[in-house]
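Descriptive analysis of the structure
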Amino acid sequence: MMGGKSNSSNNLLQENVASGISTNVTSGTNSLAPSPSSNMILSFLKEKGLRQEEELRWPWLITEVRDDMVERLKDHLRRNVHPDLYAKLFSYEIKKNQAGITLLKKAMTTEFAGTVEVADLIFRWMFVKLFDCSNSEIIKDCLDYLISLFIALENAQYVLLDCEAEVLLATFIEKLGFHSSLKSRFLKFFAKFGGVFPPQRVA
């Protein structure tokens, strides 16, 4: 469990990010994911607060992966990412999953506000994907993505929500002892993690 509350400036920060950092976030109140013909990778529905409320009613488990958890995650991602990215993330082929991470890396630079908005969903996808996965290549790609994301979030002074941090720690602490070839990446991951989530809040 995580202690304390998330940085109270995060909501204001997300508003500033939406209006100032990302020039690719559309205005308005779209209720659907980007269309197949859209150049957008992510939507910006501003539903993260609603998902936090949902988390209070149906907490995300970090000890198992259940069908209802996966279906809830899929429902949220259908609404928030391009259909092509969705298909890649939930493919059974590792190479397509890796292609999905490549799209997420692109979105990190071109749609930063959208990335912040759906970070909780990205982290949960990684939890589900890596729960029983021992493939070093996909783990490496996830770590590389997260290290870059942490640097960008720290530069934007964004502090992870407790639920975001908890899912990430549950995902990667367990993997640390089984992938010695990735030790340097794990060390960098945890070092950069400290820049977006205060260590004293980790119980």
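Scroll up a little and you will see the structure.
The structure displayed is predicted, hence computed values, not measured ones.

Here we come to the overall build of the protein chain. In terms of helices and strands, the protein chain carries nine helices and zero strands. Listing each helix as α and each strand as β along the protein chain from the N terminus yields α-α-α-α-α-α-α-α-α. Evaluated residue by residue, the protein chain yields a buried proportion of 49% over its 203 residues. When contacts within the protein chain are restricted to residue pairs at least 6 apart in sequence, those whose partners lie at least 24 apart make up 77%. For the protein chain, the exposed surface amounts to about 10,300 Å²; the carbon and sulfur share of it is 54%.

It is worth spelling out helix 7 (residues 136-155) at this point. In this model, helix 7 (20 residues) spans 29 Å end to end at C-alpha, consistent with the 28 Å of a helix rising 1.5 Å per residue. If you check which residues of helix 7 are buried, you get Ile138, Ile139, Lys140, Asp141, Cys142, Leu143, Tyr145, Leu146, Ile147, Leu149, Phe150 and Leu153. Among the structural elements, helix 5 (94-110), helix 6 (112-130), helix 8 (162-176) and helix 9 (183-193) are those in contact with the buried residues of helix 7. Its side-chain oxygen placed 2.9 Å from the backbone nitrogen of Glu137, Asn135 serves as the N-cap of helix 7.

Where helix 3 (residues 67-80) meets helix 6, the closest approach of the two axes is 10 Å, and the angle between their N-to-C directions is 140°. The pairing of helix 3 with helix 6 is recorded here as oblique in orientation. The crossing of helix 3 and helix 6 is left-handed. Contacts between helix 3 and helix 6 pair Met69, Val70, Arg72, Leu73, His76, Leu77 and Asn80 from the former with Val118, Leu121, Arg124, Trp125, Phe127 and Val128 from the latter. Partitioned by chemical class, the residues of the contact of helix 3 with helix 6 number nine nonpolar, two polar and two charged.

It is worth spelling out the packing of aromatic side chains at this point. Counted under the stated rule, the structure contains nine aromatic pairs. Between Tyr86 and Phe90, the aromatic rings sit 5.0 Å apart at their centres with planes inclined by 45°, giving tilted as the arrangement. Arranged with centres 5.5 Å apart and planes meeting at 55°, the rings of Phe127 and Phe131 form a pair that is tilted. Accessibility expressed as a relative area gives 3% for Phe127, which makes it buried. Phe131 sits in the partly exposed class, given a relative accessible area of 29%.

The next subject is the nonpolar core. Ranked by internal contacts, the top residues of the largest apolar core, which has 54 residues, are Phe123, Tyr145, Leu146, Leu160 and Phe172. At the level of elements, helix 3, helix 4 (83-89), helix 5, helix 6, helix 7, helix 8 and helix 9 are the ones that each hand at least two residues to this core.

Following the sequence through the fold, Lys175 ends up in helix 8. Using a relative accessible area of 5% as the deciding quantity, one classes Lys175 as buried. Among the polar contacts listed, one links the side chain of Lys175 to the backbone oxygen of Leu130, at a separation of 2.5 Å. In contact with Lys175, other than residues within four places in its own chain, are Leu130, Phe131, Cys133, Ile139 and Phe186.

What counts, and where the lines are drawn
- Residues numbered from 1 in each chain as written.
- Predicted model: local features only at pLDDT ≥ 70, side-chain atom pairs only at ≥ 80, totals over all residues.
- Heavy atoms only, no water.
- Helix = DSSP H or I, 4+ residues; strand = E, 2+ residues; numbered from the N terminus.
- Buried < 20%, exposed > 50% of the residue type's maximum accessible area, 1.4 Å probe, protein only.
- Contact = heavy atoms within 4.5 Å.
- Areas by Shrake-Rupley, 256 points an atom, 1.4 Å probe, with all protein chains shown as cover.
- Expected span 1.5 Å × (residues − 1).
- Polar contact = N/O pair within 3.5 Å; in protein donor to acceptor, adjacent residues only side chain to side chain.
- Axes fitted to C-alpha atoms, helices over the stretch in contact; angles between N-to-C directions.
- Parallel < 35°, antiparallel > 145°, perpendicular 65-115°, else oblique.
- Left-handed = near helix turned anticlockwise from the far one by under 90°.
- Nonpolar A, V, L, I, M, F, W, Y, C, P; charged D, E, K, R; others polar.
- Phe/Tyr/Trp six-rings, centres within 6.5 Å; stacked < 30°, edge-to-face > 60°.
- Core = buried A, V, L, I, M, F, W, Y, C linked by side-chain atoms within 4.5 Å.

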